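Single-letter residue listing:
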Amino acid sequence: MNKWKVAFFVFAALIIVSLTIVIIWATSPTDDVPIPSERATIDATDSVLLVETTADDFEKIAMNYLADALNNSALPVEFTVNETIELHSELTVFGVTVPFSMEFEPNVNAEGNIHLKQTTMNVGKLNIPPITVLKLLSDSVQFPSYIIVRPNEEEIFVDLSRLRFYKGSQVKVKEIDLEHNRILLEVIVPNE
């Protein structure tokens, strides 16, 4: 047999095996990521401040905290806060860079943390399931410990109880009303 035919078949087999591995990895189920059940504790001596802000200011604050954590990321990640919360990034698949965006609806739980439930997704002209994109995002981006990507639930969980500010201050979200451009935060400042 001609050495070029052998090389061609070996190369074709490598491509098929590589493609199969990528497809199996991308479509395999992920482990469920549990949500921590910590509650921010408020002592009688703590001061509690209510802060009302706009979506634009909230976006600036969030990007300020995320900028350092996402600097070493393999993928560029940007968040915008308008009537929904949008995540913009790009995937590189077989040497082709494909931009994608996802929209999330924010929900606040009883502990003052945020569940960003994925509502829509745009990945160029590709039809990729949200679970796969969130899995790729989780594997490619080193998010800070307070951001938990949960592909099976199609959400991103923001655990504000893990986020520490100056002298142990904590933040809880009381309300997110993006339709009326109103976000209400509770800032707990220890007085000891």
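Summary of the structure given here.

What counts, and where the lines are drawn
- Residues numbered from 1 in each chain as written.
- Predicted model: local features only at pLDDT ≥ 70, side-chain atom pairs only at ≥ 80, totals over all residues.
- Heavy atoms only, no water.
- Pairing = 2+ DSSP bridges.
- Helix = DSSP H or I, 4+ residues; strand = E, 2+ residues; numbered from the N terminus.
- Axes fitted to C-alpha atoms, helices over the stretch in contact; angles between N-to-C directions.
- Phe/Tyr/Trp six-rings, centres within 6.5 Å; stacked < 30°, edge-to-face > 60°.
- Buried < 20%, exposed > 50% of the residue type's maximum accessible area, 1.4 Å probe, protein only.
- Salt bridge = Lys/Arg side-chain N within 4 Å of Asp/Glu carboxyl O.
- Polar contact = N/O pair within 3.5 Å; in protein donor to acceptor, adjacent residues only side chain to side chain.

## A closer look at the sheet that holds strand E9 (residues 182-189)
Part 1: With respect to topology, three strands assemble into an open sheet ordered E1-E9-E8, the strand pairing being antiparallel. The strands lining the two open edges of the sheet, one partner per strand, are strand E1 (47-53) and strand E8 (170-177). Pairwise comparison of adjacent strand axes, ignoring direction, gives a mean angle of 20 degrees for this sheet.
Part 2: Direction of pairing for E8 relative to E9: antiparallel, over a ladder of seven bridges.

## Observations concerning unusual backbone geometry
Part 1: In this structure, Glu154 is a non-glycine residue whose phi angle is positive, near 55 degrees.
Part 2: Turning to its location among the elements, Glu154 is positioned in the loop between strand E6 (147-150) and strand E7 (155-158).
Part 3: The phi torsion at Asn181 lies on the positive side, around 55 degrees, for a residue other than glycine.
Part 4: Here Asn181 lies in the loop between E8 and E9.

## Some remarks on the environment of Ser140
Part 1: Examined against the element boundaries, Ser140 turns out to sit in helix H3 (residues 130-140).
Part 2: Separated by 49 residues in sequence, Ser140 and Leu91 place their C-alpha atoms 9.3 Å apart.

## Focus on the packing of aromatic side chains
Part 1: Across all of its chains, the model carries one aromatic pair by this definition.
Part 2: Summarising the aromatic geometry, the rings of Phe8 and Phe9 are spaced 5.4 Å apart at their centres and angled 65 degrees between planes, so their arrangement reads as edge-to-face.
Part 3: For Phe8, a relative accessible area of 53% translates into the label exposed.
Part 4: According to the relative accessible area criterion, Phe9 is partly exposed, its value standing at 49%.

## Points about the pattern of salt bridges
Part 1: By the definition in use, this model includes eight salt bridges.
Part 2: When the shortest N-O distance is used, the salt bridge between Arg150 and Glu155 registers 2.5 Å. Neither residue differs from the other here; Arg150 and Glu155 are each classed as buried.
Part 3: A salt bridge links Lys174 to Glu186, with the shortest nitrogen-to-oxygen separation between them at 3.9 Å. Residue Lys174 is found in strand E8, and its partner Glu186 is found in strand E9; the two are separated by 12 residues along the sequence.
Part 4: Residue classification places Glu186 among the buried positions, given a relative accessible area of 10%.
Part 5: Among the charged side chains, a network of salt bridges with common partners joins Glu52, Glu175 and Arg182.

## Overview of the side chain of His115
Part 1: Topologically, His115 is positioned in strand E5 (residues 114-123).
Part 2: Looking at His115, its side chain comes within polar contact range of the side chain of Asn109, at 3.5 Å.

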